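Fold and geometry: a report
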Amino acid sequence: MDIFAACLLERADVLAVLIERRADLDATGACGMTALGVACLNGSFACASLLVRAGAATNVKTSGGLTALHHACAVGRVVCVQWLLEWGAATDAVCADGLCPIHYACVRGFADCAHALLLRGASVEGLVAVTPLNVACSRGWVDCATLLLTYGARADVASLHAAAERGHVGCVRELLSRGVDPSSRLEGASVLHVACLGGHADCLEVMLQWTDAQSIDATDGDGHTPLHVACMSPSPACVGLLLHHRANVDRTDAAGERALHKACAIGCVACAQHLLTNGAGLDNATHRGVSPLRIACAYERLDCLDLLLARQADPQPCGRRASPLLTACLHGSTACATRLLQHPKVDVDHRSRGTTPLHAACVRSHDGCIRTLLAAGASTALCDATGHLPLTLVCRTGGTDGAEALLDYGADVDATARCPRSPSALLLACEGGHLGTMRVLIRRGVRLCTADANGLGPRDVCRGACLLLYCSALARHRWRGLGQWAQFSVWLQRRAADRVYAPGGVGFEALRGRSVAMGMRP
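Read on for an overview of the structure.

Definitions and limits used
- Residues numbered from 1 in each chain as written.
- Predicted model: local features only at pLDDT ≥ 70, side-chain atom pairs only at ≥ 80, totals over all residues.
- Heavy atoms only, no water.
- Helix = DSSP H or I, 4+ residues; strand = E, 2+ residues; numbered from the N terminus.
- Buried < 20%, exposed > 50% of the residue type's maximum accessible area, 1.4 Å probe, protein only.
- Contact = heavy atoms within 4.5 Å.
- Axes fitted to C-alpha atoms, helices over the stretch in contact; angles between N-to-C directions.
- Parallel < 35°, antiparallel > 145°, perpendicular 65-115°, else oblique.
- Left-handed = near helix turned anticlockwise from the far one by under 90°.
- Nonpolar A, V, L, I, M, F, W, Y, C, P; charged D, E, K, R; others polar.
- Polar contact = N/O pair within 3.5 Å; in protein donor to acceptor, adjacent residues only side chain to side chain.

**Considerations on the environment of Ala122**
Here Ala122 is to be found in the loop between helix H8 (111-119) and helix H9 (132-139). Here Ala122 falls in the buried class, since its relative accessible area comes to 9%. The sequence separation of Ala122 and Gly64 amounts to 58 residues, and the corresponding C-alpha distance is 21 Å. Setting aside chain neighbours within four positions, we find Ala122 in contact with Thr91, Asp92 and Leu117.

**Side note on unusual backbone geometry**
Cis geometry is found at the peptide bond from Ser233 to Pro234, where omega equals -15°. Mapped onto the elements of the fold, Pro234 is located in the loop between helix H16 (226-232) and helix H17 (236-244). With a phi close to 55°, Ser422 is a non-glycine residue in the positive phi region. Topologically, Ser422 is positioned in the loop between helix H27 (400-408) and helix H28 (425-432). Classification of Ser422 as partly exposed rests on a relative accessible area of 27%.

**Side note on the packing of helix H5 (residues 68-75) against helix H6 (residues 78-86)**
Where H5 meets H6, the axes come as close as 8 Å, and the angle between the chain directions of the two elements is 160°. With respect to H6, the element H5 is oriented roughly antiparallel. As for how H5 packs across H6, the hand of that crossing is left-handed. For the pair formed by H5 and H6, the contact residues are Ala68, Leu69, Ala72 and Cys73 on the first element and Cys80, Val81, Leu84 and Leu85 on the second. Residue composition of the contact of H5 with H6, by class: eight nonpolar, no polar and no charged.

**Side note on the packing of helix H26 (residues 390-397) against H27**
The geometry of H26 relative to H27 is characterised by a closest axis approach of 9 Å and an angle of 160° between their N-to-C directions. One element, H26, and the other, H27, form an angle in the roughly antiparallel class. The crossing of H26 and H27 is left-handed. Residues Pro390, Leu391 and Val394 of H26 lie in contact with H27, whose contacting residues are Gly402, Ala403, Leu406 and Leu407.

**Some thoughts on the side chain of Thr211**
Note that Thr211 resides in the loop between helix H14 (201-208) and helix H15 (213-216). Here Met207 takes part through its backbone oxygen, which lies 2.6 Å from a polar atom of the side chain of Thr211. Those residues in contact with Thr211, other than ones at most four positions away along the chain, are Pro182, Leu192 and Ile216.

Right, dumping it as structure tokens:
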């Protein structure tokens, strides 16, 4: 057994024998650790004391810059710490990460080890940007934080942010009592923002007792107040506390959004209820004219939508603003569209800059919304601002089910867009290579030989499988036409001798009707 194994297994008797045989006490093993480092990391005071008394160096560093004192503080073996300090261990030895032994003591909350270091003159601030107090507060060790503050550690805003970020209310209370300003900022955010972001209502409650009225509505770099952040977290408890302390419920951020917009976007009904109870505006819009109702539809927050409608939010905007129904259809929220269409004030064909909800659904090929709107009576014959009909829009995007739905509800299969080029639905489907949409149109009897204003027809724009489908459909159509003409010719010859079918005869109108019935022009 060598000296490292003896320390690892805490065999002080074996270690004593090896020391008598003059084993190399400062030999390094894996990672450059000495036997003393192994003994301290293992918490074996018996082995550590034997090695130190035998003359082992106390300040030998590993490849990571760690000394035996770092190891003793990391495991909280205070008797080893005191013994090493008695024998000259450096209190402020810095490892490769820039951390001193006192940092290691504060990471695990070993206040007795930290106290022993401070009694021997360890720096209370450390030698790097991260102070021992920062470490203690981030881990929530109140005893360590109190000890460091007693020995003169500077109570800074970084420590307060670290404690609030992780919800360590004891450390927060201790720092505030030492004079840290809760309205002070770190990277643009106040400590109230940090507590609300984590949803730490207990920390927020303590900080609000030390905060003035103006700081409650302080904004960060994006213009967000703590109330905005609490709604985005979401944390109904933090929202309730802020509103109880008279936070501004209608304060806007850089984008013009209020706290109610944030609550509806995240889908927090409890936060929205708090805000509405405290006077939040139902129909307040952002700089771009987006209301909370539209936000709820965009993110498909059905519970928030029901809450807003129950509070009498206006589902039908005035003028050219986009309606919540258009927003729901644009984002494919069939459930929200269904709920809005149940409201008596909603106009299914309301235009926003020429676009109806049906146009919006067709642009994105949201088939569920298309069928819902059509069932509610949406018009298939209205053009948008570019002159496109719903059918031409859905054919351009390749919506097979949407095209089926529009044709089921009476859309003209041969209709063309009312724009300078005037493309037909079939031409747009061919351009996009939408094979399924082409099949739907052909099955519904679309006119195959069409061209746009530039003289381009389906045959000119089709490629690959689409061209094969178009040519086969055109061939079937022509052969079917020839067969009908042959059938009609035989039928006419059989009755040529009968004068009753001559022009002016009593059967002339019957002949004319038969030709029409067979698809021939009279």
